[in-house]
Amino acid sequence: MDQWVSWCLVVLPALPALSAIVAPLAGAGRQAKAGRVSVAMLVATCAVAVALLVAVLRAPQDAVALAQLGPVALLLDHLAVAMAVLVAAISLVVHVYSLPYMADEPGYARFFALLDLMTAVILLMVTAADLLTLLVAWFLIGVVLFFLLGFDTSRKASGRYAFWTFLTYRVGDLPLVGAALLLWHGYGTAQLPELFARISADPGVQLGGMAVVPLAALLLALAAFARSAQFLLHTWLPYTMDGPTPVSALMHAGIVNAGGFLFNRFAPVFIHAPDALHLAFVVGVVTALIGSALMLTQNDVKKSLGYSTMGQMGFMIMECGLGAFSLAVYHLIAHGLFKATLFLNSGNVIGDTRRDDGVPPDEIYTFVVERRPLRAAKVPWLLAALITVLVPALMLGLSHWVVAEDFFHKQGAVVLLFFGWVTGAQVFFSIHKLPSENPWRSLTMILLSFFIVVVGYTLIAHAFETFLYPDPVLRDAIYAAAGINVLAFDVLVVFLTVVLVGAWLVTFYAQSLEFEGKPGTLWNSIYLNLYTLFSREFYVSDVYTQLARGALAASKRVNIWLRWV
């Protein structure tokens, strides 16, 4: 690539870092000026990110740019530029939103300085070209996030949950440090391109009789689990809502999805560690199911969004476990834009609800409730069942087959199609359950919408996969590493089919089956206990609290026994 690309690569994280210094100085006499300076610097950062994207698109597919600034080494490839554009764009939106939102808050200039610093370290992480730079950026994200979440020092809850997040992140840093040390000692280099080349040439290097690559991949996966709030390491995420809303938007849109980035950055490592990918699939599925279920039992808007993010991060890690690394990046980009919008609009929703505690009189409410048809008609049951089962399967299968004929030879792709089929079938069945005077018109509109979404999604997903991983050998190797033997795969598909379809049918027929049971019966007691379990979030936080208290009590006894106090 041209020389100017290397300069832009250095400028990309340097601009927001410079803004973190200049903005507070510019706002020393007038706070509003600090925000305007910060936004102007972020506009320039976005322009640089877009210029780098154009340069990558114009360059040969396998071309990468490297830049060295003292001990910091930066890398520009397809993954780095995609993440840089996402981070810069979302950060700019958050900055603009924060101008009026934080206007009356003390520490206005300090807030923008922290936002700029967070943007700088995230951009440094996604463009890091060596293990040391990656580790430093990974660590600094947790430090800056601690100060952002605890920005309001007058609220004790903010500081408590900020420290909770800080501790979880530090726990997640340890596996990444261990993986970096293993790879460096095993292959003698910290530069990522050179490291990946040496791993590809000799993936069987051992240290002390232990294979380096599988153990390093496992440690990398654990670091990704902690950063992306996977189950048992998720408790910090829903309780960080006491921080400012712009921080929640930036965190859920550009920080918590760092686990997906880590999987993709170290893809040449994971293709030699199938066990780590299988673990990622299991952890991702469990997190997705639990996060989605907990989201439905919350009565707080922002906390519900927090568990929604947990569920989406579970799907992202599951996609990595299936070998669909590029789809995970596509997912985190779409989720980042979507979740940032939800958080930035959550205040409006809460305000509207406080002014009117009824259902907002919008068009959907009017259509569904106030204008219920007098004579509801439905599509015949058998025909509706055939449409529900066959149409999504045919659309998904044919669209992927047209784009890539060998798509169905990849087990991960088949599982992803399975989840897409379940989602599509649920949509069609929901429409069948809704009363309508003209069910055929409703079904046709849904059919056309589903067709447009599926075809658009398929084309974009495959094009993005080609953009992110232009080497077809690497793409096939990732899917092959995530594969399992045929018998286990068939059992997995059957098991998922029974679980999902069974849960789907129970959900839709809950009333007719009297799922809640009659008061005083055993079934009602089971139902209430299950609801309590979900509403109390599986008591994970309570268990951690008791463990922490036990550890403190034990340390006090040790101190007294050793006469240290």
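Keep in mind the model is a prediction, meaning the values are calculated, not measured.

So, on to the pattern of salt bridges. Enumeration according to the criterion identifies 6 salt bridges in this entry. Note that R265 is salt-bridged to D77, the shortest N-O span being 2.8 Å. Taken together, the residues span a long stretch of sequence, with R265 in helix α10 (residues 258–265) and D77 in the loop between β2 (72–76) and α3 (78–101) at a distance of 188 residues. Pair check on accessibility: R265 and D77 agree, each one buried. D173 is the partner of R170 in a salt bridge, and the nearest nitrogen-oxygen pair spans 2.4 Å. Highlighted residues: R170 and D173, both in helix α6 (residues 156–187), separated by 3 residues, approximately one helical turn. With respect to burial, R170 and D173 carry one shared label: buried. Beyond isolated ion pairs, a larger network of salt bridges with shared partners links R170, D173 and R227.

Right, let's get into the packing of aromatic side chains. As enumerated under the stated definition, the model contains 19 aromatic pairs in all. Between F263 and F270 the ring centres are 4.6 Å apart and the planes differ by 25°, which places this aromatic pair in the stacked class. A relative accessible area of 0% places F263 in the buried class. Ring centres 6.2 Å apart and planes at 85° place the aromatic pair F263 and F325 in the edge-to-face group. Placement of F263 in helix α10 and of F325 in helix α14 (residues 325–355) is noted, with a sequence separation of 62 residues between them. Just as F263 is buried, F325 falls in that class too. Within the aromatic cluster, the residues linked to one another by ring pairs are Y108, F111, F112 and F151. Over the ring of Y161 we find R160; its NZ or CZ atom is 4.9 Å from the centre of that ring.

We now examine a nonpolar patch on the surface. A contiguous nonpolar patch, built from L232, Y539, V543, Y544 and L547 and spanning about 440 Å² of accessible area, is present on the exposed surface. Along the chain, Y539 turns up in the loop between α21 (522–535) and α22 (540–561). The exposure class assigned to Y539 is partly exposed, which follows from its relative accessible area of 32%.

Analysis parameters
Residues numbered from 1 in each chain as written. Predicted model: local features only at pLDDT ≥ 70, side-chain atom pairs only at ≥ 80, totals over all residues. Heavy atoms only, no water. Salt bridge = Lys/Arg side-chain N within 4 Å of Asp/Glu carboxyl O. Helix = DSSP H or I, 4+ residues; strand = E, 2+ residues; numbered from the N terminus. Buried < 20%, exposed > 50% of the residue type's maximum accessible area, 1.4 Å probe, protein only. Phe/Tyr/Trp six-rings, centres within 6.5 Å; stacked < 30°, edge-to-face > 60°. Lys NZ or Arg CZ within 6 Å of the ring centre and 35° of its normal. Patch = residues over 30% accessible without salt bridge, like charges linked within 9 Å, V, L, I, M, F, W, Y side chains within 5 Å. Areas by Shrake-Rupley, 256 points an atom, 1.4 Å probe, with all protein chains shown as cover.

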